[in-house]
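Structural characterization, general
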Amino acid sequence: MKILMLTSRFGFGYGMGYSAYKEATALISLGHSVTVVHCYSSPEITSFYDPLITFIYLPIKRIPLIGFLMYFFQLKKFINKRINIKNFDSVYIQSLEFGLLDLAKIKIPIFYFARSTMLGMHQALQNGKIKISLLPRIINLVLAALERRCMHYSKMIFVKSCKMASEVSSLYGINSNKIAVIIGGIDDKDFQIQPELSCMEFRHKFKIPPNVPVVLYAGRIVPQKGLIYLIEASLNLLREINFVVVIAGAIINEAYYAKIKRLLDNTTYQKSFYFLGHINQLDMSLVLNVADCLVTPSFYEPFGMVNLQAAFLNKKIITTEITGSVDVLANYEKMKVVKARSSTAIKLALREVLFWKNKKNQSSIDFQMYSWRNVAEYLLHYFSETA
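Okay, so let's go over this structure. No experiment lies behind these values; they were computed from the predicted model shown.

Okay, the sheet that holds strand S12 (residues 316-320) next. Spatially, the six strands line up as an open sheet ordered S10-S9-S8-S11-S12-S13, and their pairing is parallel. The open sheet terminates on both sides in strands that have one partner only, identified here as strand S10 (273-277) and strand S13 (335-338). Geometrically, the sheet is characterised by an average inter-axis angle of 20° between neighbouring strands, direction not taken into account. When S12 meets S13, the two strands line up parallel, connected through four bridges. In the sheet register, Ile318 faces S13, and the bridge partner there is Lys336.

Structural data, given as structure tokens:
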């Protein structure tokens, strides 16, 4: 089967880029042909190069609204001159930018993976009383319209959790029969128990003191990820317990980051917080190994793949009730679920979880079910069904 994968990022860029990379390589390993078209690039992408995958970089201008208008014409020219869609069996859209395509004219089956939605995120930001200025509001409306196009013209819409399936159905009016939940995110080669020496070297590199519990936040620094609630909870708990907070994630929202820094600058605990910046997904295994506890304090998180990865490594987890992966990890004994947007709830959970004894997880979770090979097999089932 020949698959045309359309994605904003490949390999880099946290969940979406890493997922595109793992799905593409898994499809290749099963004997299928994959051509990847991506609209953003980074030097980091070289870490994810696979000679069996055909790559086409079609850059989009990072200019609000105008960039999308220009990309519309780029895509039109691209389809007419650089690639013939009729040569493929399926079009697999992973990013809403490709809603700019004239999807009505594509006669082969189209599939769309909705990893999050603009309407869902906008609703969460409103509920969290996060102010959104006029231009971002307009951009969000445009992006939501592109999402609707992708969903409308797709034979099937893939999501990673039941929570996400409900969101797509209720906010976009999609019939549940058109939505398939495909859960995945585990690679036993990318995520392994690391030697103690490697963990010590990592601590030394970032000047993290030895023998002090590490609370890890892994994700972009944006409002919906809820980092500020973890910061507030930690500042209160540091009066009682000694630990450090490691923040592994790129600063996407500068204003939100400035708010967090002001909060830290007004305390005596600045040295208990370590901002590592962006971490390549291939290095996340080591970061998780160093952690005693992972905290994902999001108030909008359709899945939360890092929770699954942390559980695979037998780590303690604190997450919120709105996180999609909570259902998957229901039998995981080392997870504490708390109320979203509550620093008090996180503080109480941290106080409890940091004193849990390390024990082997006795849950009945079969992590092999969530391998990328399994994800690829599910995808192929739907691709073949409508071919």
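Back to the text.
At a closest axis distance of 10 Å, the pairing of helix H7 (residues 227-237) and helix H8 (residues 254-265) adopts a crossing angle of 5°. Put simply, H7 runs roughly parallel to H8. In this structure, H7 uses Leu227, Ile228, Ile231, Glu232 and Leu235 to contact H8, whose residues at the interface are Tyr256, Lys259, Ile260, Leu263 and Leu264. Partitioning the contact of H7 with H8 into residue classes produces eight nonpolar, no polar and two charged.

In this section: the nonpolar core. Proteins that are soluble and globular tend to have nonpolar side chains buried together. In this structure, Phe158 and Leu350 are the most contacted members of the largest nonpolar core, which totals 146 residues. The greatest single-element share of this core, amounting to eight residues, is contributed by H7. With near-sequence residues (within four places) excluded, Phe158 lies in contact with Tyr92, Phe111, Tyr112, Phe113, Ala114, Ala180, Ile182, Leu379, Tyr382 and Phe383.

This part is about the sheet that holds strand S7 (residues 179-181). Paired through backbone hydrogen bonds, the strands of a sheet run either parallel or antiparallel to each other. Strand order in the open sheet made by the seven strands is S3-S2-S1-S4-S5-S6-S7, with parallel pairing throughout. The sheet terminates laterally at strand S3 (54-57) and S7, the two strands that pair on one side only. Sheet twist, expressed as the average angle between the axes of neighbouring strands with direction ignored, equals 20°. Both strand S1 (residues 2-7) and strand S4 (residues 90-93) contribute to a ladder of four bridges, which runs parallel.

Within the structure shown, the criterion is met by nine salt bridges. With a closest N to O distance of 3.7 Å, Lys105 and Asp102 form a salt bridge. Since its relative accessible area comes to 38%, Asp102 is described here as partly exposed. A salt bridge links Glu352 to Lys336, with the shortest nitrogen-to-oxygen separation between them at 3.1 Å. You can see Glu352 sitting in helix H11 (residues 343-353) and its partner Lys336 sitting in strand S13, a full 16 residues away along the chain. Given a relative accessible area of 27%, Lys336 falls into the partly exposed group.

What follows concerns the side chain of Ser234. As for its placement among the helices and strands, Ser234 is situated in helix H7. At 2.8 Å, the side chain of Ser234 and the backbone oxygen of Leu230 are in polar contact. Each residue touching Ser234, except ones within four places of it in the same chain, is listed here: Phe243, Val245, Phe273 and Leu350.

Another point: the packing of helix H4 (residues 134-152) against helix H5 (residues 162-172). Between H4 and H5, the least distance of the axes is 12 Å, while the angle of their chain directions is 105°. The orientation of H4 relative to H5 falls into the category roughly perpendicular. Of the residues in H5, those in contact with Ala144, Glu147, Arg148 and Met151 of H4 are Val168, Leu171 and Tyr172. A class-by-class count of the residues in the contact of H4 with H5 yields five nonpolar, no polar and two charged.

The next subject is the layout of surface pockets. Taken as a whole, the second largest pocket spans an internal volume of roughly 540 Å³. Taken together, 23 residues make up the lining of the second largest pocket; nearest its centre are Glu196, Cys199, Arg203, Asn289 and Val290. Mapped by element, the contributors of at least two residues to the lining of the second largest pocket are helix H6 (196-205) and helix H9 (284-290). At six residues, H6 tops the list of elements feeding residues into the lining of the second largest pocket. Counted by class, the lining of the second largest pocket contains ten nonpolar, six polar and seven charged residues.

The tally for this structure, following the rule as stated, stands at 19 aromatic pairs. On the numbers, 6.2 Å between centres and 50° between planes, the contact of Tyr18 with Tyr21 is tilted. Residue Tyr18 and its partner Tyr21 are both found in helix H1 (residues 14-29); the two are separated by three residues, about one turn of the helix. The same class applies to Tyr18 and to Tyr21, which are both buried. Relative to Phe367, the ring of Phe312 has its centre 5.6 Å away and its plane inclined at 75°; by these criteria the two rings are edge-to-face. With Phe312 in helix H10 (residues 305-312) and Phe367 in the loop between H11 and helix H12 (372-385), this residue pair connects regions lying 55 residues apart in the sequence. Among the residues examined, Phe367 registers a relative accessible area of 13% and is labelled buried.

About the criteria used
Residues numbered from 1 in each chain as written. Predicted model: local features only at pLDDT ≥ 70, side-chain atom pairs only at ≥ 80, totals over all residues. Heavy atoms only, no water. Pairing = 2+ DSSP bridges. Helix = DSSP H or I, 4+ residues; strand = E, 2+ residues; numbered from the N terminus. Axes fitted to C-alpha atoms, helices over the stretch in contact; angles between N-to-C directions. Parallel < 35°, antiparallel > 145°, perpendicular 65-115°, else oblique. Contact = heavy atoms within 4.5 Å. Nonpolar A, V, L, I, M, F, W, Y, C, P; charged D, E, K, R; others polar. Core = buried A, V, L, I, M, F, W, Y, C linked by side-chain atoms within 4.5 Å. Buried < 20%, exposed > 50% of the residue type's maximum accessible area, 1.4 Å probe, protein only. Salt bridge = Lys/Arg side-chain N within 4 Å of Asp/Glu carboxyl O. Polar contact = N/O pair within 3.5 Å; in protein donor to acceptor, adjacent residues only side chain to side chain. 1 Å grid on protein atoms, 1.4 Å probe; cavity = no way out; pocket = protein on both sides within 12 Å on 5 of 7 lines; lining within 4 Å. Points joined across faces, edges and corners; volume = space filled by probe spheres on them. Phe/Tyr/Trp six-rings, centres within 6.5 Å; stacked < 30°, edge-to-face > 60°.

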